[in-house]
Every structure is written in structure tokens, then in C-alpha cells.
Amino acid sequence: MVHRLIMAYNDYDLLIIGGGMVGASLACALAGLDLHIGLVEAELFTANNTHPSYDDRTVALAQGTKRIFQTLGLWEMLESTSTPIQKIHISERGCPGLAHIDCCDEGVDALGYVVEARLIGAALLGKLLSSRGVEVLCPAYLEKIPIEENSARAIISFNDNRIVELRARLIVAADGACSRVRKQLGITALRWEYEQQAVIANVTSTIPHCNTAYERFTEEGPVAFLPMSGHRCAVVYTVNNKELPQVLSLDDSGFSTLLSGRFGDRLGAFSRIGQRQAYPLFLLKALEHTHRRIAIIGNAAHTLHPIAGQGLNLSIRDIAALAEVIADAWRNNQDIGGTEVLEYYAEWRRWDQIKTIACTDILTRLFVNPLPPVHIARTLGLLAFDFFPPIKSLIARQFMGLDGRLTKLARGIPLTD
Ligand SMILES: Cc1cc2nc3c(=O)[nH]c(=O)nc-3n(C[C@H](O)[C@H](O)[C@H](O)COP(=O)(O)OP(=O)(O)OC[C@H]3O[C@@H](n4cnc5c(N)ncnc54)[C@H](O)[C@@H]3O)c2cc1C
């Protein structure tokens, strides 16, 4: 795969640090606007399993994210390999409560779509390489962000030992949960460990999934099955840190038995169990998402438990809003890194971020609590959720990313118009 290593300029309008799914999406959203954009990414975009963003994971893209990707011209590259989620089935082991969400009730063709992360990477890179105004600096590593009153600077190293200073009106940090930018700026990030890991694998079921995503909660942790092509499903199995080595050492038939023990037999027996991979689970929230000439987005700003499949979707809504605010400021000859512009973005996104983070965290903690009153409340809660369509619709629209003030990109309006 080709990567642009040419560096024509040292001065940019916008410099994005981190070309993972979030940083690269922001660059795509702003490409073609006559802004001069630099995207600094440490790892080659090459599709393999070691890339921090574009690995073998599958992600559920919400309906709202699909609409944003559609406006950006990315969806046409992903559609043929995506699997629609038409229903979501939520249950708890040993509990009579059940809940269903159906796309027909919500008036959409699908609640979301399952796509492989490395295919999202390929689509983003393809788009960037054919876009005007975006220079991809890769592999290139952000070393330092010297903080100054009126300018944003970044010291970047290349793997031929060159060290270069780049300047920009605005620097956006999309450099992941361990964000170097965030740390160098001294921005506090609150972090709560769930003491669990998500083990992912692709499996084939004997009973067809019928485009249903299953979410099953147990006291040991949740397990989710996302529909993929054929009879395949992408599994996210949560396991306590202490049990991880044992789970990873299981052979295919042992892992299949473990899955059935937690999930039951709704999808029949599991065969063709793919490679397992583990990800530590924690909730991270940066206390500030903007700073002088700096915006922090993606996992660098908020990292969520993957149980509700919301981390990337929330960040794509963030980048759609940030891109819109930058585009408007640019057109009006405003300073795109100015405090007013950044504060407007932060304020716009605050409420959706609070709701999404809180819902995901409450869901995660509520369903592992073994106390009998909590157990009863959960059963009643699931039943109430299923019996009251207005509540269900409200929550479904929030998780689909269709609630609240929608961005232009989510409404199908390109920022270049
Ligand atoms: C098991 C699992 C399943 C998930 N499923 C879903 C799902 O179904 N739906 C959903 O919405 N979300 C899901 N998520 C969350 C989603 O994966 C994240 O929200 C998303 O990957 C965040 O992307 P990012 O670009 O912010 O960060 P990252 O993916 O961490 O990317 C950061 C990038 O910055 C680069 N970088 C880091 N430091 C530097 C530096 N100093 N200089 C230059 N570059 C640097 C890295 O190389 C990397 O490419 C899941 C997460 C997990 C773990």
C-alpha cells in the first residue's frame, strides 16, 4: 500500500495527530475544503493484526454513522462487505426479562451495520489518498507539543531519524487512549478499570442469526454476538482479568463450550472458531476536550466499554460536529483554532457525550451486580423497556446516533456545499 511521505510544507491550517478510525475520518470530512491538512500517523495503514486501530476487530456502525460515512463517500466502499443489524435481542441469564429492538419499529432499514475495522482503514486511506488538501505523514510520530500562547506546534519524528517542527492554526489529538498530546498538555483523564478484558473471535453458528445482534448479560460479564455474512457472528466475550490466560489457552472446542455456557442455545452450536484476541476494558474521560488551539477527540477524549458498541459511533458524531464548526469558521474567515470556535464545538457535543458514556457505564455495572434487589430491578427494567415503545424508541434513537441536534453530515449535506 502506498503512503505519502512527502512533506511539502511545515505550516498547516490543521494538523491531526493519529490516523486511526477517528483521526482519519476527520481528515476525510474536511478534505476538499481548501484547508491545508496534515495527518500524522505512527503506524503504516497496512492491513494486519498489529495496527492499533485497523485490526481484525469487527465494529457495529450505528445508522447515524452510516449516514455520515455516506455523505463522505466512504459508505460506497464499505456497503458490500457490511452486514445490516435489523434486530437487537437483549437478555439476562437466569432472568425472565427480555427486550427486542426492531428496525421496522424505528422506521429505518437497519439499526446498524457490522464492518471489519481493517476494511474501514482501507476505505479511509483510499479516500485520503484521492483527496485534495490532505497530506498523510506516515509513519511519523508526534514527539512533543510545545505549548505557546498564539501558535500550535508539533515536533514530529520520521523513521529515517528526521525530526521536523510543524505548525498549525489548530491541532487535533486523535492519538488514542494513551494520548501523548493529552499527557503533554497536562490534561487530566479520569480512568476506571473494569478489571475485565474483551475477548473477540469470529464464529459460525448452526442456527442462522437472521441479522439479529444478541446482547446477553451474566454475572461474570456480558457476551455479544454481531451478525456477519453467512452464518458467521463476531463475538465479544467479557472475561475477568484473572481468568483471561485460561480462556485464551482454550482450544476451539473448549471456547465453543464456554460460549454456549454463557449464551445458551439460541444460535445452536458454534463451529469454525476464529483466532481469539483480548482487549483491556476501562472507561476513560478527559476532563477537557479543548485547550488553546487544541481539540481532543476519539479514544483520547473518551474510551468506552465496547458492550453497547458506542465508542467509535460517538466519536464519529464528534468529528462530524467538529468538521462542521471548522468549515463554518473557515468560510467566515474566523480563526479555526480560536477559543470561541473550540468552545462552541465542546458545548455542542457535551450532552451527547455525557448521555452515551453514562448509558454504557451504567449498563456495564448494573448487569454484573449480584444483589437480589438489583437483579429484580433489572428484570423489571428489561420488561418495562420492551413494553413501552416510546422509551424503547428514545433509547434506540440515542444508540443509533439519530437523537438531538444532527450535524450536516448526518443529514446528508456535504461540508463543501
Ligand atoms: C473489542 C472492541 C470492540 C469494539 N467495538 C465497537 C463497536 O462495535 N462500535 C463502536 O462504535 N466502537 C467499538 N469499539 C471502540 C472503537 O474501537 C474505538 O472507539 C476506536 O477504535 C477509537 O479510535 P481512535 O482513532 O480514537 O483511537 P485508536 O484506534 O487508538 O487510534 C489512535 C491512532 O493514533 C496513532 N498514534 C498514537 N500515538 C501517536 C503518536 N504519538 N504519533 C502519531 N500517531 C500516534 C496510533 O498509531 C493509532 O493509529 C470497540 C473497541 C474494542 C476494544
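Residues numbered from 1 in each chain as written. Predicted model: local features only at pLDDT ≥ 70, side-chain atom pairs only at ≥ 80, totals over all residues. Heavy atoms only, no water.

### Describing the overall build of the protein
If you tally the helices and strands in the protein, you get 12 helices and 20 strands. At 21 Å, the protein has a C-alpha radius of gyration in line with the 22 Å of a compact globule built from 417 residues. Projecting the C-alpha coordinates of the protein onto the three principal axes gives extents of approximately 60 × 45 × 40 Å. Counting across all 417 residues of the protein, residues that qualify as buried make up 55%. The long-range fraction of contacts in the protein, counting pairs at least 24 apart against all pairs at least 6 apart in sequence, stands at 75%. In the form shown here, the protein has an accessible surface area of approximately 17,500 Å², with 55% of it arising from carbon and sulfur atoms. A distance of 1 Å separates the average location of the 40 positive side-chain charges in the protein from that of its 44 negative side-chain charges. (Helix = DSSP H or I, 4+ residues; strand = E, 2+ residues; numbered from the N terminus. Rg over C-alpha atoms; globule rule 2.2 N^0.38 Å. Buried < 20%, exposed > 50% of the residue type's maximum accessible area, 1.4 Å probe, protein only. Contact = heavy atoms within 4.5 Å. Areas by Shrake-Rupley, 256 points an atom, 1.4 Å probe, with all protein chains shown as cover. Lys, Arg positive; Asp, Glu negative; His and termini not counted. Charge placed at Lys NZ, Arg CZ, Asp CG, Glu CD.)

### A short note on a nonpolar patch on the surface
On the surface, Phe387, Phe388, Ile391, Leu394 and Ile395 cluster together into a nonpolar patch covering about 520 Å² of accessible area. Looking at the nonpolar patch element by element, the count peaks at three residues for helix α12 (residues 389–400). On the secondary structure map, leucine 394 appears in helix α12. Since its relative accessible area comes to 58%, leucine 394 is described here as exposed. (Patch = residues over 30% accessible without salt bridge, like charges linked within 9 Å, V, L, I, M, F, W, Y side chains within 5 Å. Salt bridge = Lys/Arg side-chain N within 4 Å of Asp/Glu carboxyl O.)

### With respect to the sheet that holds strand β4 (residues 83–85)
Taken together, the three strands give an open sheet; going across it, the order is β3-β7-β4, and neighbouring strands pair in antiparallel fashion. The open sheet is flanked by β3 (58–62) and β4, the only strands paired with a single partner. Ignoring which end each strand starts from, the neighbouring axes of this sheet average 30 degrees apart. As judged from the five bridges shared by β3 and strand β7 (residues 112–116), these two strands associate in the antiparallel manner. Residue pairing across strands places threonine 58 opposite glutamate 116, the latter belonging to β7. Set on the sheet, helix α5 (residues 117–129) makes contact with β3 and β7; between it and β7 the angle comes to about 85 degrees. (Pairing = 2+ DSSP bridges. Axes fitted to C-alpha atoms, helices over the stretch in contact; angles between N-to-C directions.)

### Topic: the packing of aromatic side chains
Applying the stated rule across the entire model yields six aromatic pairs. Members of the aromatic cluster, connected to one another through ring pairs, are Tyr214, Phe225, Phe263 and Phe270. When the ring centre of tyrosine 237 is taken as origin, the NZ or CZ atom of arginine 262, which lies over that ring, is 3.8 Å away. Over the face of the ring belonging to tryptophan 348 we find arginine 405, whose NZ or CZ atom lies 3.6 Å from the ring centre. (Phe/Tyr/Trp six-rings, centres within 6.5 Å; stacked < 30°, edge-to-face > 60°. Lys NZ or Arg CZ within 6 Å of the ring centre and 35° of its normal.)

### Here we look at helix α10 (residues 339–366)
The terminal C-alpha atoms of α10, which comprises 28 residues, lie 39 Å apart, in line with the 40 Å expected from a rise of 1.5 Å per residue. The sharpest bend along α10 comes to roughly 40 degrees, located at arginine 350. (Expected span 1.5 Å × (residues − 1). Bend = angle between axes of the 7 residues up to and from the residue.)

### Points about the packing of helix α9 (residues 311–331) against α10
Running from amino to carboxyl end, α9 crosses α10 at an angle of 165 degrees, the nearest separation of the two axes being 10 Å. When the axes of α9 and α10 are compared, the pair comes out roughly antiparallel. Read as a crossing pair, α9 and α10 show a hand that is right-handed. Residue-level inspection shows Leu314, Arg317, Asp318, Ala321, Leu322, Glu324, Val325 and Ala329 of α9 in contact with α10, the latter providing Val341, Tyr344, Tyr345, Trp348, Arg349, Asp352, Gln353, Thr356 and Ile357. The class makeup of the residues in the contact of α9 with α10 is 10 nonpolar, two polar and five charged. (Parallel < 35°, antiparallel > 145°, perpendicular 65-115°, else oblique. Left-handed = near helix turned anticlockwise from the far one by under 90°. Nonpolar A, V, L, I, M, F, W, Y, C, P; charged D, E, K, R; others polar.)

### Concerning helix α8 (residues 252–263)
Given a rise of 1.5 Å per residue, 12 residues ought to cover 16 Å, and the 16 Å separating the end C-alpha atoms of α8 matches this to within 8%. Considered for burial, the residues of α8 that qualify are Gly254, Phe255, Ser256, Leu259, Arg262 and Phe263. In this structure, the buried side of α8 is in contact with β12 (189–205), β13 (212–217), β14 (223–227), β15 (232–240), α7 (244–249) and β16 (270–271). Of the residues one or two after α8, glycine 264 is the one with positive phi, at around 90 degrees.

### Concerning the environment of arginine 132
Counting through the fold element by element, arginine 132 comes out in the loop between α5 and β8 (134–137). C-alpha of arginine 132 to C-alpha of alanine 31: the two residues are 101 residues apart in sequence and 6.0 Å apart in space. Those residues within four positions of arginine 132 in sequence are excluded, and the remaining contacts are Ala31, Gly32 and Asp34. Here the side chain of arginine 132 touches aspartate 34 through a polar contact of 3.0 Å, side chain to side chain. (Polar contact = N/O pair within 3.5 Å; in protein donor to acceptor, adjacent residues only side chain to side chain.)

### Considerations on the site of the ligand
In the region of the ligand, 31 residues are neighbours, and Glu41, Ser53, Arg57, Ala60 and Asn299 sit closest. Interatomic distance of 2.9 Å between a backbone N/O atom of leucine 312 and an oxygen atom of the ligand. In isolation the ligand has 1,000 Å² of accessible area, and contact with the protein removes 91% of it. The set of elements that each furnish at least two residues to the shell around the ligand consists of α1 (21–30), β3, β9 (140–144) and α9. Taken together, the residues of the shell around the ligand sort by class into 15 nonpolar, 11 polar and five charged. (Near = heavy atom within 4 Å.)

### A word on unusual backbone geometry
The omega torsion of the bond from cysteine 138 to proline 139 falls at 0 degrees, within 30 degrees of zero and hence cis. Take proline 139: it is sitting in the loop between β8 and β9. The backbone of asparagine 161 sits at a positive phi, close to 75 degrees, despite the residue not being glycine. Although it is not a glycine, glutamate 195 sits at a positive phi angle of roughly 55 degrees.

### Things to note about the confidence of the model for the protein
Across the protein, the average pLDDT comes to 91, with 96% of residues at or above 70. Within the model, the stretch residues 1–6 combines pLDDT values under 50 with 24 contacts to residues more than four positions away or in other chains. (pLDDT = per-residue confidence, 0-100.)

### Examining the side chain of glutamate 324
Within the secondary structure, glutamate 324 sits in helix α9. Among buried charged residues, glutamate 324 stands out as having no salt bridge; its nearest opposite-charge side chain is arginine 405, 4.5 Å away. Engagement of the side chain of glutamate 324 in a polar contact is seen with the backbone nitrogen of lysine 408, the distance being 2.7 Å. In this structure glutamate 324 touches Trp348, Arg405, Thr407, Lys408 and Leu415, once residues within four positions along its chain are discounted.

### Considering the side chain of glutamate 135
Mapped onto the secondary structure, glutamate 135 falls in strand β8. Within the local environment of glutamate 135, its side chain forms a polar contact with the side chain of tyrosine 12, the two groups lying 3.3 Å apart.

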